Amino acid sequence: MDAVFEAFEPAFMQRALIGSLIAVVATSLVGTWVVLRGLAFLGDALAHGVIPGIALAVLWGFSPIIGAFVAALAMSGLVTVVSNRTVVREDTAIGLLFVGMLSLGIIIVSRARSFTTEVTALLFGDVLGVTTDDIRNQLIATAVVLVCTVVLYRPFLALTFNRAKAQTLGMHPRLAQAALLALLALSIVASFQAIGTLLVFGLLVGPPATASLLVHRVPAIMVTSTLLGALAVVAGLLVSFHHGTAGGATIAGFSVLQFFVVLAGREVAVALRRSRPAAIAA
Amino acid sequence: MPVAITTRRLEVRFGDTVALAHVDLEIPHGSSLAVIGPNGSGKSTLLGALAGTLAPSAGEIAIGGARPALVQQSTDVDRSLPITVRDTVSLARYPSLGLLGRFRAEDRRAVDEALERLAVDDLAGRQFHDLSGGQRQRVLVAQGLAQGSEVLLLDEPVNGLDVVSRTVILEVIDEEVAEGRAVVVTTHDLEDARRCDAVLLLDTSPIAVGTPEEVLTEDHLRRAFGGRFVRVGDEFVLDDPHHSH
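Residues numbered from 1 in each chain as written. Chains lettered and ligands numbered in written order. Predicted model: local features only at pLDDT ≥ 70, side-chain atom pairs only at ≥ 80, totals over all residues. Heavy atoms only, no water.

1. What to know about the overall build of chain B
Phase 1 of the analysis: Each helix and strand in chain B was counted, giving 9 helices and 11 strands.
Phase 2 of the analysis: With the C-alpha coordinates aligned to their principal axes, the bounding extent of chain B is approximately 55 × 40 × 35 Å.
Phase 3 of the analysis: Out of the 245 residues in chain B, the part that is buried amounts to 53%.
Phase 4 of the analysis: Summed over its atoms, the accessible surface of chain B is roughly 10600 Å², and 48% of this surface lies on carbon and sulfur atoms. (Helix = DSSP H or I, 4+ residues; strand = E, 2+ residues; numbered from the N terminus. Buried < 20%, exposed > 50% of the residue type's maximum accessible area, 1.4 Å probe, protein only. Areas by Shrake-Rupley, 256 points an atom, 1.4 Å probe, with all protein chains shown as cover.)

2. Here's the deal with the sheet that holds strand β9 (residues 205–210) of chain B
Residues and elements named next belong to chain B.
Phase 1 of the analysis: Taken in spatial order, the 6 strands of this open sheet run β5-β6-β7-β3-β8-β9, and their pairing is mixed. Of all strands in the sheet, those with a lone pairing partner are β5 (69–71) and β9, marking the two edges. Taking each pair of neighbouring strands and ignoring which way they run, the sheet shows an average axis angle of 15 degrees.
Phase 2 of the analysis: Bridge count between β5 and strand β6 (residues 151–155): 3 bridges; the pairing is parallel. Paired with L70 across the bridge in β6 is L153.
Phase 3 of the analysis: Each of β3 (31–36), β5, β6, β7 (182–187) and β8 (198–203) touches helix α1 (residues 43–51); the most contacted strand, β6, lies at about 150 degrees to it.
Phase 4 of the analysis: On the sheet, helix α6 (residues 163–178) packs against β3, β6 and β7 and is oriented at approximately 150 degrees with respect to β7. (Pairing = 2+ DSSP bridges. Axes fitted to C-alpha atoms, helices over the stretch in contact; angles between N-to-C directions. Contact = heavy atoms within 4.5 Å.)

3. Description of the interface of chain B and chain A
Phase 1 of the analysis: In this complex, chain B contributes 30 residues to the contact, which on the side of chain A involves 21 residues.
Phase 2 of the analysis: Across the contact surface, chain B and chain A share 1 salt bridge.
Phase 3 of the analysis: One salt bridge connects A:R217 with B:D87, and the closest N-O pair in it is separated by 2.4 Å.
Phase 4 of the analysis: Counting the contacts that link chain B with chain A gives 8 residue pairs in polar contact (both at pLDDT 80 or more).
Phase 5 of the analysis: Looking at the side of chain B that touches chain A, the elements that each hand over two or more residues are α2 (85–90), α3 (94–97) and α5 (133–146) of chain B.
Phase 6 of the analysis: With 3 residues, α3(B) is the single largest residue contributor to the side of chain B that touches chain A. (Salt bridge = Lys/Arg side-chain N within 4 Å of Asp/Glu carboxyl O. Polar contact = N/O pair within 3.5 Å; in protein donor to acceptor, adjacent residues only side chain to side chain.)

4. Describing a nonpolar patch on the surface
Phase 1 of the analysis: A contiguous nonpolar surface patch, about 520 Å² in accessible area, is contributed by A:L59, A:W60, A:F62, A:I66 and A:V70.
Phase 2 of the analysis: Listed by contribution, the elements that provide at least two residues to the nonpolar patch are α4 (51–60) and α5 (64–85) of chain A. (Patch = residues over 30% accessible without salt bridge, like charges linked within 9 Å, V, L, I, M, F, W, Y side chains within 5 Å.)

5. Things to note about the layout of surface pockets
In this approach the atoms are scanned with a rolling probe the size of a water molecule, which exposes any empty space left behind.
Residue and element names in this part refer to chain A.
Phase 1 of the analysis: By volume, the largest pocket is sized at about 740 Å³.
Phase 2 of the analysis: Around the largest pocket, the lining comprises 28 residues; the ones closest to its centre are T80, N84, R163, R174 and Q177.
Phase 3 of the analysis: Of all the secondary structure elements, the ones that give two or more residues to the lining of the largest pocket are α3 (40–49), α5, α6 (90–111), α10 (163–168) and α11 (173–195).
Phase 4 of the analysis: Examining the composition of the lining of the largest pocket, we find that 6 residues originate from one element, α5, more than from any other.
Phase 5 of the analysis: Of the residues that constitute the lining of the largest pocket, the class distribution is 12 nonpolar, 11 polar and 5 charged. (1 Å grid on protein atoms, 1.4 Å probe; cavity = no way out; pocket = protein on both sides within 12 Å on 5 of 7 lines; lining within 4 Å. Points joined across faces, edges and corners; volume = space filled by probe spheres on them. Nonpolar A, V, L, I, M, F, W, Y, C, P; charged D, E, K, R; others polar.)

6. Some words on the sheet that holds strand β2 (residues 17–28) of chain B
Residue and element names in this part refer to chain B.
Phase 1 of the analysis: The sheet built from 3 strands is open, its strands ordered β2-β1-β4 with antiparallel pairing. A strand with exactly one partner marks an edge of an open sheet, and here the two such strands are β2 and β4 (58–63). Ignoring which end each strand starts from, the neighbouring axes of this sheet average 15 degrees apart.
Phase 2 of the analysis: Inspection of the sheet shows strand β1 (residues 3–14) paired to β2 by 8 bridges, in the antiparallel sense. Of the residues in β2, the one forming a bridge with V12 is L20.
Phase 3 of the analysis: Along the sheet face, α1 touches β1, β2 and β4 and points at about 120 degrees away from the line of β1.

7. Let's talk about unusual backbone geometry
All names here are of chain B.
Phase 1 of the analysis: Unlike most non-glycine residues, R9 shows phi in positive territory, near 45 degrees.
Phase 2 of the analysis: Mapping R9 onto the fold places it in strand β1.
Phase 3 of the analysis: The class of R9 is partly exposed, set by a relative accessible area of 48%.
Phase 4 of the analysis: Although it is not a glycine, A119 adopts a positive phi angle of roughly 55 degrees.

8. Considering the confidence of the model for chain B
Phase 1 of the analysis: Counting all residues, the mean pLDDT for chain B is 89, and 92% of those residues have values of 70 or more.
Phase 2 of the analysis: Between the elements of chain B, mean pLDDT differs from a low of 64, seen in strand β10 (residues 229–232) of chain B, to a high of 96, seen in α2(B). (pLDDT = per-residue confidence, 0-100.)

9. So, the pattern of salt bridges
Residues and elements named next belong to chain B.
Phase 1 of the analysis: With the rule as written, the count across this model stands at 18 salt bridges over all chains.
Phase 2 of the analysis: Between R9 and D24 there is a salt bridge whose closest N-O contact spans 3.4 Å. Of the two residues, R9 sits in strand β1 while D24 sits in strand β2, which places them 15 residues apart along the sequence.
Phase 3 of the analysis: The partner of R117 in a salt bridge is E175, and the shortest N-O contact between them spans 3.0 Å. Pair noted here: R117 is in helix α4 (residues 105–117) and E175 is in helix α6, with a separation of 58 residues, a long-range link.
Phase 4 of the analysis: A relative accessible area of 29% places R117 in the partly exposed class.
Phase 5 of the analysis: Judged by its relative accessible area of 35%, E175 is partly exposed.

10. Notes on the side chain of A:S255
Residue and element names in this part refer to chain A.
Phase 1 of the analysis: Relative to the elements of secondary structure, S255 occurs in helix α14 (residues 247–281).
Phase 2 of the analysis: Looking at S255, its side chain comes within polar contact range of the main-chain oxygen of A252, at 2.7 Å.
Phase 3 of the analysis: If sequence neighbours within four positions are ignored, S255 has contacts with G202, L203, G206, P207, T210 and A232.

11. Describing the packing of aromatic side chains
Residue and element names in this part refer to chain A.
Phase 1 of the analysis: A complete count under the given rule lists 5 aromatic pairs over all chains for this structure.
Phase 2 of the analysis: Their ring planes at 65 degrees and their centres at 5.7 Å tell us that W33 and F156 sit as a pair that is edge-to-face. Pair noted here: W33 is in helix α2 (residues 11–37) and F156 is in helix α9 (residues 153–161), with a separation of 123 residues, a long-range link.
Phase 3 of the analysis: For F156, a relative accessible area of 1% gives the class buried.
Phase 4 of the analysis: Chaining the aromatic ring pairs together yields one cluster made of W33, Y153 and F156. (Phe/Tyr/Trp six-rings, centres within 6.5 Å; stacked < 30°, edge-to-face > 60°.)

Below, the structure written as structure tokens:
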């Protein structure tokens, strides 16, 4: 217990904890739909697609949050346009824009020589450098995600059930899909300062996927995912503090590790259940 | 009986491909229409156009009353969604509840009645995807009923089902027609088509529309299906390798 109190005594660690926990709320709410709708590749691509927006924001001196959000919206809009207007499949459109936006981000970064530190923080996060302003911005973005998730629960559920059914129920599947992509962008923006654009995907997919192994209702997946994400944050920050590992990467690593631990536990439980009747019979 | 569904020169295109053309229909309340035709003949396209999920490229559709209830095949539902049987049927109440409206007593009653009529009330707490194919299809029909629409559109509702599920669904369809609903059913089964008041034999455009006796003739079937049907006694049976009956 002393190790926990010691780790979270410094103010920067407390800010890291609060910032990461807020990120977990946003990513769990949106990540649940990402996992259930099969949007993992798009989520990953969007997480990288925000880089040119952030790079331009740093270069021109405006808010990286606005830059990231605009870049994510532009990317998700272009994915929709390419897949709707051409015979190109959606995953190909995502792949094209994923590489295109990443390349653009790196080109912009490579033109600015003093960018090395910012780029590292951008890609891998700087969880120990989370400021009070960052936390305030995260809180606003997460509050928007929370309200929209509650208000749009029915359209999202109907869309995930079946797009045509959603339309006949008046749940406007196109608008729901667009809103979901906007929330995905917002949750990435709300999290990248703490955990980085390369690793935010770990929180978007890891805890919701793990939760979906444990519980079988959408709201329960959201709540369980948030708890699992919080556990990954605390464990990740503790390991980072005591062993000097990169904070964001350790958190993301734990969130993915949870999935395989739960999966292995479930498989063992199933195997034991199957072997029991045989043992009784013997 | 007043007319529930009217279409005039209805046409649906996917790009340059005409999927459905020249469909003129008048379906009264309290009647059923079977839509039959080979694969790719436009049956599901017609259902989609009537349901409002596909926009007509030409012609008109007029549906009386509230939005029609579309009953899809259970394979159309995303398998990754964890959802109970009750929640699946409850989705049907969303049009009257909106985004945040609370479930009222009448909504719960509509869901309970639909579950009972399809004999899936004992499965209400089970996960939809844990059920057998026949049970899942009954749940989707219950979902259609719970919507309380005057028009019921069913996409191959008894295709390949077990005897119990097939019997339950066909009885419910008959009851819905008797209660004044207009029911449209797509099917590959001539026997199921004969149960309906009217039949539309489709091959992109209508080959024949009328009573089962008028439509399901050897000449019409040959035009729609080529040689893919056989005569058994006085009746015809489709020899369709893509469907399990």
